[in-house]
Amino acid sequence: ADVGRAVARAALLGEEEVDPADPTALTVRMYRKARDPAEKGRFLEEVLRQAGDGEAARAETVAIAGDLTQPPLFRMRALAAANRVGAMTAEELVALFEGAPDREFREALRRELKKRTGKDGKLDPAAWRKILAE
């Protein structure tokens, strides 16, 4: 019933094609079309939950994290989900770090970069400097 409802709703939302091979494409489409903030938040949670299941959700998660027009809470959640599934390279994280407007987001990026440049549980200063230099 839930799938039927989702398909019917997607059909009503417009003519945009949904990739049938990607199980997350419909959820991403519904997230983009949602206008009600509560509904958008529910679909965001689904997109982030599905980030490891399909390319559409993974790409949308990365896009949300990098979109300065998104609410800070959405961006933080998207960043956490992208890090959880390994959707972003260190270089992409550095690019977000340079353009991040708020301190909390930059701090989350810094923690992830530190974790990725660790060696045997210790910080590798040379790798950290190289990433920040890029």
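Only a predicted model underlies this, so the values are computations on that prediction, with no experimental measurement involved.

Conventions adopted
For every chain, the first residue of the written sequence is number 1, and numbering continues from 1 onward in sequence order. Where totals are concerned, whole chains, interfaces and linings use all residues; where local detail is concerned, this predicted model gives features only for residues with pLDDT of at least 70, and gives and counts side-chain atom pairs only at 80 or more. The side-chain quantities take in all heavy atoms of the structure and omit both hydrogens and water. The helix and strand labels rest on DSSP assignments: H or I over at least four residues marks a helix, E over at least two residues marks a strand, and numbering proceeds from the N terminus. Any residue under 20% of the maximum accessible area for its type is buried, any over 50% is exposed, and the rest in between are partly exposed; the area is computed with a 1.4 Å probe on protein chains only. Contacts: residue pairs with any heavy atoms within 4.5 Å of one another. Surface accessibility in these figures is a Shrake-Rupley result with a 1.4 Å probe; residues are shielded only by whichever protein chains are displayed. Working convention: axes come from line fits to C-alpha atoms, limited for helices to the stretch in contact. Angles between N-to-C directions cover 0 to 180 degrees. To sort the angles, those under 35 degrees are grouped as roughly parallel, those over 145 as roughly antiparallel, those from 65 to 115 as roughly perpendicular, and the leftovers as oblique. Handedness of a crossing follows from how the near helix is turned relative to the far one, being left-handed for an anticlockwise turn of less than a right angle and right-handed for a clockwise one. Basically, the charged four are Asp, Glu, Lys and Arg, the nonpolar ten are Ala, Val, Leu, Ile, Met, Phe, Trp, Tyr, Cys and Pro, and anything else, Gly included, counts as polar. Pairing of aromatic rings covers Phe, Tyr and Trp, the last counted by its six-membered ring, and requires centre-to-centre distances within 6.5 Å; plane angles under 30 degrees mean stacked, over 60 mean edge-to-face, and any other angle means tilted. For a Lys NZ or an Arg CZ to count as sitting over a ring, it must be within 6 Å of the ring centre and within 35 degrees of the ring normal. For every residue, the predictor assigns a confidence score, pLDDT, that lies between 0 and 100. Pairs of N or O atoms are called polar contacts if they sit within 3.5 Å, as long as, within protein, a hydrogen donor faces a hydrogen acceptor (for residues adjacent in sequence, only side-chain-to-side-chain pairs). In this text, buried Ala, Val, Leu, Ile, Met, Phe, Trp, Tyr and Cys residues form a nonpolar core when linked through side-chain atoms within 4.5 Å.

(A) How the structure looks around the overall build of the protein chain. What the protein chain contains, in helices and strands, is eight helices and two strands. N-terminal to C-terminal, the α/β element order of the protein chain is α-α-α-α-α-α-α-β-β-α. Across the 134 residues that make up the protein chain, the buried fraction comes to 37%. The contacts in the protein chain between residues at least 6 apart in sequence include a share of 43% that link residues at least 24 apart. Carbon together with sulfur atoms contributes 54% to the accessible area of the protein chain, which is approximately 8,100 Å² in total.

(B) Highlighting the packing of helix H2 (residues 25-33) against helix H3 (residues 37-49). One way to put it is that H2 packs onto H3 with a least axis distance of 9 Å and a crossing angle of 155°. Classified by the interaxial angle, the pair formed by H2 and H3 is roughly antiparallel. The handedness of the crossing between H2 and H3 comes out as left-handed. Here Thr-27, Val-28, Met-30, Tyr-31 and Arg-32 of H2 lie close against H3, whose contacting residues are Lys-40, Phe-43, Leu-44, Glu-46 and Val-47. Here the contact of H2 with H3 is built from residues that sort into six nonpolar, one polar and three charged.

(C) The arrangement of the packing of aromatic side chains in detail. Scanning the model with the defined rule gives zero aromatic pairs in all. Over the ring of Tyr-31 we find Lys-40; its NZ or CZ atom is 4.2 Å from the centre of that ring. Directly above the ring of Phe-105 sits Arg-75, whose terminal nitrogen or CZ lies 4.1 Å from the centroid.

(D) The environment of Lys-33, seen in detail. Inspection of the secondary structure assignment puts Lys-33 in helix H2. In the structure, Lys-33 is positioned 10 residues away from Phe-43 in sequence and 9.9 Å away in space, judged by C-alpha atoms.

(E) Highlighting the confidence of the model for the protein chain. For the protein chain, per-residue confidence averages 83 on the pLDDT scale, and 77% of positions sit at 70 or higher. Confidence, expressed as mean pLDDT per element, reaches its minimum in the protein chain at helix H1 (residues 2-13) with 64 and its maximum at helix H5 (residues 72-85) with 95.

(F) Expanded view of the side chain of Gln-50. Of note, Gln-50 is situated in the loop between H3 and helix H4 (55-66). At 3.2 Å, the side chain of Gln-50 and the side chain of Thr-27 are in polar contact. Ignoring sequence-local partners within four residues, the contact set of Gln-50 consists of Pro-23, Thr-24, Thr-27 and Ala-57.

(G) Representation of the nonpolar core in the model. Membership of the largest hydrophobic core comes to 31 residues, with the highest contact counts inside it found for Tyr-31, Leu-79, Phe-105 and Leu-109. Taken together, the elements giving at least two residues each to this core come down to H2, H3, H4, H5, helix H6 (90-99) and helix H7 (103-116). No other element matches H5, which puts six residues into this core. Setting aside chain neighbours within four positions, we find Leu-109 in contact with Leu-79, Leu-93, Leu-96, Phe-97 and Ala-100.

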